[in-house]
Amino acid sequence: MALPRQAVGIPMVRRALGDSLCSLGVTEECISDILLAVTEACANAVRHGGPANRYEVETSIGEGRCDVRIIDRGQGIVRVPEHYPSSDAENGRGLLIMQAVVDEISFDIAPGRGTVVHLRKHLDWDDDAVFSDDRVLAAV
């Protein structure tokens, strides 16, 4: 998905990804973790992805995992923080929140040309969901 670098696009990403995961029988807790991480990454792209007018979200679901890449054309982050900011800080928790809720996170940073945030989460399946034996998965 190519989205305007505005907060209005974030709910669209959440809806498309959340509905896809739900339709495949992924547990609510697992979906919530993925959507939290994706929301944080998209919010960072909206906030820091300038001067470009848009950012991109690529998602693939398969082999028991969900991979999401959030791509912006901003200045790039300098480094990942090693600890949470103080309780009175208004910003700075997003990367640490993402690390806490996904299995793997990586960054491809090209200073002055953008950042790719790659999130990976192994999927937990809802045993009560009814599916055919073979779940056909796709990329968005």
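Preceding this paragraph is the structure being described.
This report concerns the structure included in the present document.

### Observations regarding the packing of helix 2 (residues 28-48) against helix 3 (residues 94-101)
Two numbers describe how helix 2 lies on helix 3: the axes approach to 9 Å, and their chain directions differ by 155°. Taken together, helix 2 and helix 3 sit at an angle that is classed as roughly antiparallel. Judged by the sense of rotation from one axis to the other, the crossing of helix 2 with helix 3 is left-handed. Each of Asp33, Leu36, Ala37, Glu40, Ala41 and Asn44 in helix 2 lies in contact with helix 3, whose residues at this interface are Gly94, Leu95, Ile97, Met98 and Val101. For the contact of helix 2 with helix 3, the class distribution of residues is 7 nonpolar, 2 polar and 2 charged.

### Some points on the side chain of His118
Here His118 shows up in strand 5 (residues 114-122). Reaching out from His118, the side chain makes a polar contact with the side chain of Asp67 at a distance of 2.9 Å. If we ignore the near neighbours within four places in the chain, the residues touching His118 are Asp67, Val68, Arg69, Glu104, Ile105 and Ser106.

### Considerations on the pairing of strand 2 (residues 54-62)
Covered by surrounding structure in strand 2 are Tyr55, Val57, Thr59 and Ile61 only, the residues Arg54, Glu56, Glu58, Ser60 and Gly62 on the alternate face being uncovered. Relative to strand 2, strand 1 (residues 2-4) is paired through 3 bridges, and the arrangement is antiparallel. Bridge assignment links Pro4 to a residue of strand 2, and that residue is Arg54. Note: strand 2 against strand 3 (residues 65-72), 7 bridges, orientation antiparallel. In the strand pairing of strand 3, Val57 is matched with Ile70. Once strand 2 ends, the chain turns through 2 residues before running back antiparallel as strand 3, passing Glu63 with a positive phi of about 55°.

### A look at helix 2
Three or four residues apart is the spacing at which side chains of an α-helix point the same way, because the helix has 3.6 residues per turn. An ideal rise of 1.5 Å per residue puts 30 Å on 21 residues; helix 2 measures up with 30 Å between its terminal C-alpha atoms. Listing the buried residues of helix 2 in full gives Cys30, Ile31, Asp33, Ile34, Leu35, Ala37, Val38, Thr39, Ala41, Cys42, Ala45 and Val46. Contact partners of the buried residues in helix 2: helix 1 (10-23), strand 2, strand 3, helix 3 and strand 5.

Reading the values: rules and limits
- Residues numbered from 1 in each chain as written.
- Predicted model: local features only at pLDDT ≥ 70, side-chain atom pairs only at ≥ 80, totals over all residues.
- Heavy atoms only, no water.
- Axes fitted to C-alpha atoms, helices over the stretch in contact; angles between N-to-C directions.
- Helix = DSSP H or I, 4+ residues; strand = E, 2+ residues; numbered from the N terminus.
- Parallel < 35°, antiparallel > 145°, perpendicular 65-115°, else oblique.
- Left-handed = near helix turned anticlockwise from the far one by under 90°.
- Contact = heavy atoms within 4.5 Å.
- Nonpolar A, V, L, I, M, F, W, Y, C, P; charged D, E, K, R; others polar.
- Polar contact = N/O pair within 3.5 Å; in protein donor to acceptor, adjacent residues only side chain to side chain.
- Buried < 20%, exposed > 50% of the residue type's maximum accessible area, 1.4 Å probe, protein only.
- Pairing = 2+ DSSP bridges.
- Expected span 1.5 Å × (residues − 1).

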